[in-house]
Every structure is written in C-alpha cells, then in structure tokens.
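So you can see what is in the structure, the chains are spelled out below.
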Amino acid sequence: MNGRLSGESGRQAWWRRHRRTVAGIACCGIAVGLLTGYQRGGLAQVLPPAPAAVCPLLRPELLALLVPGHGTATQDTDRDDETLSAWCVVERPKDDGEDASLVVGVINVGRAAGADPAARAHRHFVGSFVLNRDRFLLDGLGDEAGYWSELGPAGRLYLTVRAGTRLVHVQYRNTMVGPERSREAAVLAAREVLAKL
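Described in the following lines is the structure provided in the data block. (Residues numbered from 1 in each chain as written. Predicted model: local features only at pLDDT ≥ 70, side-chain atom pairs only at ≥ 80, totals over all residues. Heavy atoms only, no water.)

**Overview of the pairing of strand E2 (residues 83-91)**
Counting buried residues in E2 gives 7 out of 9 residues, a clear majority hidden from the surface. As defined by bridge partners, strand E1 (residues 74-79) adjoins E2 across 6 bridges and the pair is classed as antiparallel. Among the inter-strand pairings, Asp78 is bridged to a residue of E2, identified as Ser85. Where E2 meets strand E3 (residues 100-109), 9 bridges bridge the pair, whose relative direction is antiparallel. For Cys88, the partnering residue across the bridge sits in E3 and is Val104. (Buried < 20%, exposed > 50% of the residue type's maximum accessible area, 1.4 Å probe, protein only. Helix = DSSP H or I, 4+ residues; strand = E, 2+ residues; numbered from the N terminus. Pairing = 2+ DSSP bridges.)

**What to know about helix H3 (residues 117-127)**
Listing the buried residues of H3 in full gives Arg120, Ala121 and Phe125. In a view along the axis of H3, the buried residues occupy a sector of 145°, so they form one face of it. Contacts made by the buried residues of H3 are with E3, strand E4 (136-138), strand E5 (144-149), strand E6 (157-163) and strand E7 (166-174). The residue sitting at the N-terminus of H3 and contributing the capping side-chain oxygen is Asp116; that oxygen lies 2.9 Å from the backbone nitrogen of Ala118. (Arc of directions from axis to C-beta. Contact = heavy atoms within 4.5 Å. Polar contact = N/O pair within 3.5 Å; in protein donor to acceptor, adjacent residues only side chain to side chain.)

**Comments concerning the packing of aromatic side chains**
Taken as a whole and judged by the stated rule, the model has 3 aromatic pairs. With centroids separated by 5.2 Å and ring planes inclined at 85°, the aromatic side chains of Phe125 and Phe129 adopt a geometry described as edge-to-face. On the accessibility criterion, Phe125 (3% relative accessible area) is buried. Here the aromatic rings of Trp148 and Tyr158 are separated by 4.4 Å at their centres, their planes lie at 10°, and the arrangement is stacked. Note that Trp148 is positioned in strand E5 and Tyr158 in strand E6, a separation of 10 residues in sequence. For Tyr158, a relative accessible area of 14% puts it in the buried group. When the ring centre of Phe129 is taken as reference, the NZ or CZ atom of Arg135 above it lies at 4.9 Å. (Phe/Tyr/Trp six-rings, centres within 6.5 Å; stacked < 30°, edge-to-face > 60°. Lys NZ or Arg CZ within 6 Å of the ring centre and 35° of its normal.)

**Structural notes on the pattern of salt bridges**
Taken as a whole, this structure holds 8 salt bridges when the rule is applied. Salt bridges linked by common partners bring Arg59, Glu61, Glu192 and Lys196 together as one network. (Salt bridge = Lys/Arg side-chain N within 4 Å of Asp/Glu carboxyl O.)

**Quick notes on the environment of Ala53**
Position of Ala53 relative to the elements: it lies in the loop between helix H1 (10-42) and helix H2 (60-66). A C-alpha to C-alpha distance of 7.7 Å links Ala53 and Cys88, two positions 35 residues apart in sequence.

**Examining the state of the cysteines**
Across all of its chains, the model carries 1 disulfide by this definition. Residue pairing for Cys55: its cysteine sulfur links by disulfide to Cys88, the two sulfurs lying 2.1 Å apart. What sets the handedness of the Cys55 and Cys88 disulfide is the S-S torsion sign, and at about 105° it is right-handed. One end of the pair, Cys55, is in the loop between H1 and H2; the other, Cys88, is in strand E2, and 33 residues separate them in sequence. Just as Cys55 is buried, Cys88 falls in that class too. (Disulfide = S-S within 2.5 Å.)

As structure tokens, this is what we get:
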C-alpha cells in the first residue's frame, strides 16, 4: 500500500500527509520576516538636522563679561552616530597667568538603537555626568539640567541642559572668580543660547 485514498493521485496524497508541515514552515518564514522588518525599522538610525553656529547666539557683551580679555571666538562642528553638534570656543590669552575659557555646544540628537530622539537625549544628559563627582540638578532650565565641577577652586565647571531632543553643553573656567560665580556664568551662557534656539 502506498497510503493513497481511492481516487487520489500521488501529489494529492503527498499534500494531505505534509500540509501541516508546509503550513508550519510558511508561518515560521512569515514570523521571521515580520521580526526582521520590525528590528530594522526600530534600529534605524536617523541623523537630526545640523545645529546652527553657536557663537552668533552669544552676545559680545556677555562674552566680554564671562571671559574678560578674550581672543577671537572659534567655531567647530562634530558628528557622532546619532548626534550632530556645533561648538563655540572662547579663551583668554594665557600670557598673564589668569585662565578663563568658555565652551558652549548645541547637540541635536537623532533616532538610533530603537529609541526616539527624546529618550536618546535623556541618555546623553545622564551620561554627561562623571561618576566620581557630585552632580547638582537645576530647576527652571530646559526639561532637565545639572552640573558638576572638577576638583579644586579653579576647576572647570560642566553644565548640561536638555530641551526636548537638543542638549546645550557649557564648559566654563575662570580662575579670577569663585565656584559660585562660575556656576552663575555657565547658567547665564546656557540661558542665552536656549533663548535663541
């Protein structure tokens, strides 16, 4: 006996015996295709628009106040996997023994690793703090803001503000003022940039 029913061809007999196996293989193929499509869509990397130049966002009077006797401001841009950033660097010449500098960056965050830009921006905000330094959060500045500073009275202060999918990062150092004035100066620079974005 060959397993055929009466009046059934060989092809029909084969299909009757193996239809569940074929249906299972087809379902597995569809499931793998859907999973692959979901992962590729979720892991798509989308770069954000490039931020505008940062130096024009800072008034010359503010730069003169924060970095007295500063030289020419320089601009720079940077690109990471899911971020595009623009930076303004203002430094005082170091020939008189006093040190003052201001670095302000605007970082636009895009989509990557299955997370939306706001979630990625929050991760960048959290990651901007150093583990072995005290972190101080600030209210009333963007969606979330905080700062930390290097050890020593003349250490550099690092302030990061998240506003939606954008970060404003300020690095400030001035050996002519104390830590409290450095914090106020960094907040002032961040507010100036945020107001013009």
